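# Geometric and topological summary
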Amino acid sequence: MNLEAQVKPAPAAPMGLPPVWQRLRSAWWPAWVVFRREIKDTLRDWRIVAPIVILVIGFPFLANFAANRGLAFVNQYGASLIIERLLPFLMLVVGFFPSSFSLVIALETFAGEKERRSLESLLATPLTDLQLYVGKLLAATIPPVLASYLGIATYLLLMGLTLNWWPPLSLLLVSMTLSTVQSLVMVSGAVIVSSQSTSVRAANLLASFIIIPMAFLLQAEAGLLLFADYTALWLIALCMVVVNMLLIRLGAHVFNREQLLGRDIDELNLRHAWNVFWEAAWPRHGLKVLYAREIPAIIRGMRPELLITAVVILVGGLTVGAWGIQRFPLPVEAFDLSEVRNLETIGSMVTQSGLLESFSPWAVFFNNVRALLIAGGAALISLGILALLLLMAPVAIIVYIAGQIGGIGVNPWLFLAATVLPHGIVELPAAILATAQAMRMGDVMLSPPEAGGGLDGILRESGRFVKLFVGVVVPLLLIAAWIEARITPTLLLNFLGR
């Protein structure tokens, strides 16, 4: 198909259309032409269409068969509730598989055309980079989403006819929304991978970084469906929408037709990568310059991330904690403070909870270091979002416990002042600094290489994370751990009058 001949000014707009819509129509008509061309090419290739049709039509029958067999088995033991809670999960799986397989379409968008030597003629058309990217993105996104809808509809029809099971409206809406946003996220990420890869083989290998996190997310959604917690599922869908917007923004920023044509092989220069990381991590001018200039410069550079981190963990932690107090109140017997008699009982209670192997400064310190390092690694695969959520969780737990303590007649503010404030005033700033820099490590992925992003940007921010972590966060966590293990228990005993 001669795409260059088709990319011409848009047909005359209908009479009476507002000028703003006329300009938008003229600007995005070329993207629509690219979209139509990609859809026709996809539908002509039976090697792509046949597996998708088989998954869309065949997998719902397989899920229906598994549900029928499972329900017949558990009914023998009176455990029908378990399989009934798993039926919505099968609906999510039915919507997930077609969209995951359709990653092939997204991975073919640029890398496949380059291997087939059809990319040069495409890039020679009078299209802007943004129009070309949007046209390719729409063509790779719409078929997977429609395939997910068709698979879910087929599954629901089979379940209704064979088991007389129809999901409530709230469950159906959240399932359709999750299937949609998951497809969008996977395809948006795959288009970025395809535009930055030089071969389909390299793109397929990198696609594992998309499939694996989504598979883990599907398992988390299964657990929430088992408890019929639809509110958390809506929150996941909202987070996925944000991630999809970030991925689309990233793809539009990093796509460049000159780089796409000029790069023939993917070269991994380990020496250069190590030099970029080491230059950012090592204090080159001694400790005095490190604390007087380098670390303050790092902190000034991540002021937006610091503000976002502080707002999210405080406002989000308070909101989630207050929601937990209302939704999951604990009985008064769960907070029997009479058992807190001395330091030994406090240590044994902490150990029995499973949070720490022993209630000692070193155990507390290593636990906090491990949590913040995990947050740093999670930030790289989630654009910084998981780092914020991991830090928000303990704040929400503290708010939840304080609210429950207030329900048994104990002043929650004095309780927090005795148990959290002494080490919290040292530990929380350290955690905010580490999380903000971890978030910056994820944010730099949204910047093009010429603006400090790309692989060099990730390595540079990772080196700064190490410098900040070793130079500031670790000393603060050591102080906080000593206070938490040695001073906080004594303050708690004094507060309780022991």
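Everything here concerns the structure above.
Let us look at the structure shown here. (Residues numbered from 1 in each chain as written. Predicted model: local features only at pLDDT ≥ 70, side-chain atom pairs only at ≥ 80, totals over all residues. Heavy atoms only, no water.)

## Quick notes on the overall build of the protein
To be explicit about the condition: For the purposes of this entry, the term helix denotes a DSSP run of H or I that reaches at least four residues, the term strand denotes a run of E that reaches at least two, and both are numbered from the N terminus. Three labels apply to residues, based on accessible area from a 1.4 Å probe with only protein chains included: buried if under 20% of the type maximum, exposed if over 50%, partly exposed otherwise in between. In what follows, a contact means two residues having at least one pair of non-hydrogen atoms within 4.5 Å. Residue burial considers only the protein chains on display, and all accessible areas are found by Shrake-Rupley using a 1.4 Å probe.
Secondary structure assignment for the protein yields 22 helices and zero strands. The burial tally for the protein puts 45% of its 498 residues in the buried class. At a minimum sequence separation of 6, the contacts of the protein that also span at least 24 residues come to 82%. Only carbon and sulfur atoms are counted for the fraction: they give 69% of the accessible area of the protein, which is about 26,100 Å².

## Re the environment of Ala222
Mapped onto the elements, Ala222 comes out in helix 10 (residues 208–226). Considering only alpha carbons, one finds Ala222 and Val93, 129 residues apart in sequence, at a separation of 9.5 Å.

## Here's the deal with the packing of aromatic side chains
Our working definition: Here a pair means two rings of Phe, Tyr or Trp (six-membered ring of Trp) with centres within 6.5 Å. Their orientation is stacked below 30 degrees between planes, edge-to-face above 60, and tilted elsewhere.
Counted under the stated rule, the structure contains seven aromatic pairs. Ring centres of Trp278 and Trp282 lie 5.1 Å apart, and the angle between their planes is 15 degrees; this geometry places the pair in the stacked category. For Trp278, a relative accessible area of 38% puts it in the partly exposed group. With a relative accessible area of 46%, Trp282 lands in the partly exposed category. By the ring-pair criterion, three or more aromatic residues cluster together here, those being Trp274, Phe277, Trp278 and Trp282.

## Comments concerning the side chain of Glu305
Put simply, the rule reads: Throughout this description, a polar contact denotes any pair of N or O atoms lying within 3.5 Å of each other; where both atoms belong to protein, one of them has to be capable of donating a hydrogen while the other can accept it, and for residues adjacent in sequence the pair is counted only when both atoms sit in side chains.
Looking at where Glu305 falls in the secondary structure, it is placed in helix 15 (residues 303–327). At 3.4 Å, the side chain of Glu305 forms a polar contact with the side chain of Arg440.

## Notes on the side chain of Thr154
With respect to the helices and strands, the residue Thr154 is situated in helix 7 (residues 129–162). Ignoring anything within four residues of it in the chain, the contact list for Thr154 reads Val56, Ile57 and Pro60.

## Details of helix 17 (residues 361–382)
What counts is decided by this rule: Expected helix span is given by 1.5 Å per residue-to-residue step, counting one fewer step than there are residues.
Along its 22 residues, helix 17 runs 31 Å from first to last C-alpha, staying within 8% of the 32 Å computed at 1.5 Å per residue. Those residues of helix 17 that sit buried are Pro361, Ala363, Val364, Phe365, Asn368, Val369, Leu372, Ala375, Gly376, Ala378, Ala379 and Ser382. Looking one or two residues beyond helix 17, the residue adopting positive phi is Gly384, at roughly 90 degrees.

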